[in-house]
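Architecture and fold: a report
Chain by chain, the residues run as shown.
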Amino acid sequence: MEHEHHPPASRGDVAYETFYSAAIGGAVPALYFLMVDVLAGQPLATPSTLGSALFMGVAPGTAETVNLTAVSLYSLVHFATFGILGFVASGLVRTLEERSGGGFVLPALALFVMVTGGMWVADLTVMNGVVAALGQGNLMISGALTSLVMTGFLRHAHDSSEGLTRKGGAKSGVSVV
């Protein structure tokens, strides 16, 4: 099966996709775990646990109060990590679309493995016990939501950029100046 070949993405396309997929991808698990924490009666407990484990050497699940310094420090790491992931995801989804004919499942699965795998690697290397503290189920749900939302955004961005720039015309009556 031969797939339609598209010109490479412009720097602007990559910058747009990186920024927005990173922002969206970083917001999804942050909001998911904020909801989990609020329902448990401890808002910001998750970023406090992660920041305390990463920066202060506190074993996950042992802190009794929320440490706002740990929350702030972890938030910086969280969004920097998703910035990198957004860049990788943009290229990955583009490549998988090109090679698989535009499917949704393969890119979403690849992002799921990257997002959840990243937490498992962190657990094994620098934040031992964090997966148990967050709960494997919560980690899987958060990873699934994040990968689906990021893939959905990137697919939409690719479809839009193809309609506006790659096919030479405007899509849905929108003109390109």
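As shown above, the structure is provided for reference.
A brief look at the structure comes next. Because the structure is a prediction, the values reported are computed rather than measured.

On to the environment of I24, then. With respect to the secondary-structure elements, I24 resides in helix 1 (residues 11-39). Among the residues examined, I24 registers a relative accessible area of 26% and is labelled partly exposed. Beyond its immediate sequence surroundings of up to four residues, I24 is in contact with V149 and F153.

To continue, consider the packing of helix 3 (residues 68-100) against helix 4 (residues 105-125). Close contact between helix 3 and helix 4 brings their axes to 9 Å; oriented N to C, the two are set at 150 degrees. Considering their axes alone, helix 3 and helix 4 lie roughly antiparallel with respect to each other. With respect to the hand of their crossing, helix 3 and helix 4 are arranged in right-handed fashion. On the side of helix 3, the interface is formed by L85, V88, A89, L92, V93, L96 and S100, while helix 4 contributes L106, P107, A110, L111, M114 and V115.

What follows is about the layout of surface pockets. In this structure, the largest pocket occupies an estimated 650 Å³ of space. What lines the largest pocket is a set of 32 residues, among which L50, Y74, H78, F82 and M119 lie closest to the centre. At the level of elements, helix 1, helix 2 (45-56), helix 3, helix 4 and helix 6 (136-166) are the ones that each hand at least two residues to the lining of the largest pocket.

Turning our attention to the nonpolar core. Grouped together as the largest cluster of nonpolar side chains are twelve residues: Y32, F33, L50, A53, Y74, M119, A122, M127, V130, V131, L134 and L139. Elements represented by at least two residues in this core include exactly helix 1, helix 2, helix 4 and helix 5 (130-134). Other than its neighbours up to four places away in sequence, A122 contacts M127 and N128. Ranked by size, the runner-up nonpolar core spans ten residues in total, among them F82, L85, L111 and L154.

It is worth spelling out helix 3 at this point. Over its 33 residues, helix 3 runs 45 Å from end to end, which matches the ideal 48 Å to within 8%, given 1.5 Å per residue. Regarding helix 3, its N-cap is N67, as a side-chain oxygen of that residue lies 2.9 Å from the backbone nitrogen of T69 further along. Trailing helix 3 by a residue or two, G101 shows a phi angle of about 80 degrees, which is positive.

Turning our attention to unusual backbone geometry. With phi around 70 degrees, L44 is a residue other than glycine that occupies positive phi space. Mapped onto the elements of the fold, L44 is located in the loop between helix 1 and helix 2.

Taking 1.5 Å as the rise per residue, helix 1 with 29 residues should run 42 Å; its terminal C-alpha atoms sit 42 Å apart, in good agreement. The set of residues buried in helix 1 consists of D13, E17, T18, S21, A22, G25, G26, V28, P29, Y32, F33 and D37.

This part takes up a nonpolar patch on the surface. A surface patch of nonpolar side chains, about 490 Å² in accessible area, is lined by L31, L34, V38, L44, V66 and L68. If one sorts the elements of the nonpolar patch by residue count, helix 1 sits on top with three residues. Within the secondary structure layout, L68 lies in helix 3.

Take the packing of aromatic side chains next. Summed over all chains, the structure comprises five aromatic pairs. Relative to F153, the ring of Y16 lies with its centre 5.8 Å away and its plane at 40 degrees, an arrangement referred to as tilted. Of the two residues, Y16 sits in helix 1 while F153 sits in helix 6, which places them 137 residues apart along the sequence. According to the relative accessible area criterion, F153 is buried, its value standing at 13%. Counting every residue linked through ring pairs, the aromatic cluster contains Y16, F19, Y20 and F153.

Conventions we followed
- Residues numbered from 1 in each chain as written.
- Predicted model: local features only at pLDDT ≥ 70, side-chain atom pairs only at ≥ 80, totals over all residues.
- Heavy atoms only, no water.
- Helix = DSSP H or I, 4+ residues; strand = E, 2+ residues; numbered from the N terminus.
- Buried < 20%, exposed > 50% of the residue type's maximum accessible area, 1.4 Å probe, protein only.
- Contact = heavy atoms within 4.5 Å.
- Axes fitted to C-alpha atoms, helices over the stretch in contact; angles between N-to-C directions.
- Parallel < 35°, antiparallel > 145°, perpendicular 65-115°, else oblique.
- Left-handed = near helix turned anticlockwise from the far one by under 90°.
- 1 Å grid on protein atoms, 1.4 Å probe; cavity = no way out; pocket = protein on both sides within 12 Å on 5 of 7 lines; lining within 4 Å.
- Points joined across faces, edges and corners; volume = space filled by probe spheres on them.
- Core = buried A, V, L, I, M, F, W, Y, C linked by side-chain atoms within 4.5 Å.
- Expected span 1.5 Å × (residues − 1).
- Polar contact = N/O pair within 3.5 Å; in protein donor to acceptor, adjacent residues only side chain to side chain.
- Patch = residues over 30% accessible without salt bridge, like charges linked within 9 Å, V, L, I, M, F, W, Y side chains within 5 Å.
- Areas by Shrake-Rupley, 256 points an atom, 1.4 Å probe, with all protein chains shown as cover.
- Salt bridge = Lys/Arg side-chain N within 4 Å of Asp/Glu carboxyl O.
- Phe/Tyr/Trp six-rings, centres within 6.5 Å; stacked < 30°, edge-to-face > 60°.

Structural measurements only, silent on function.
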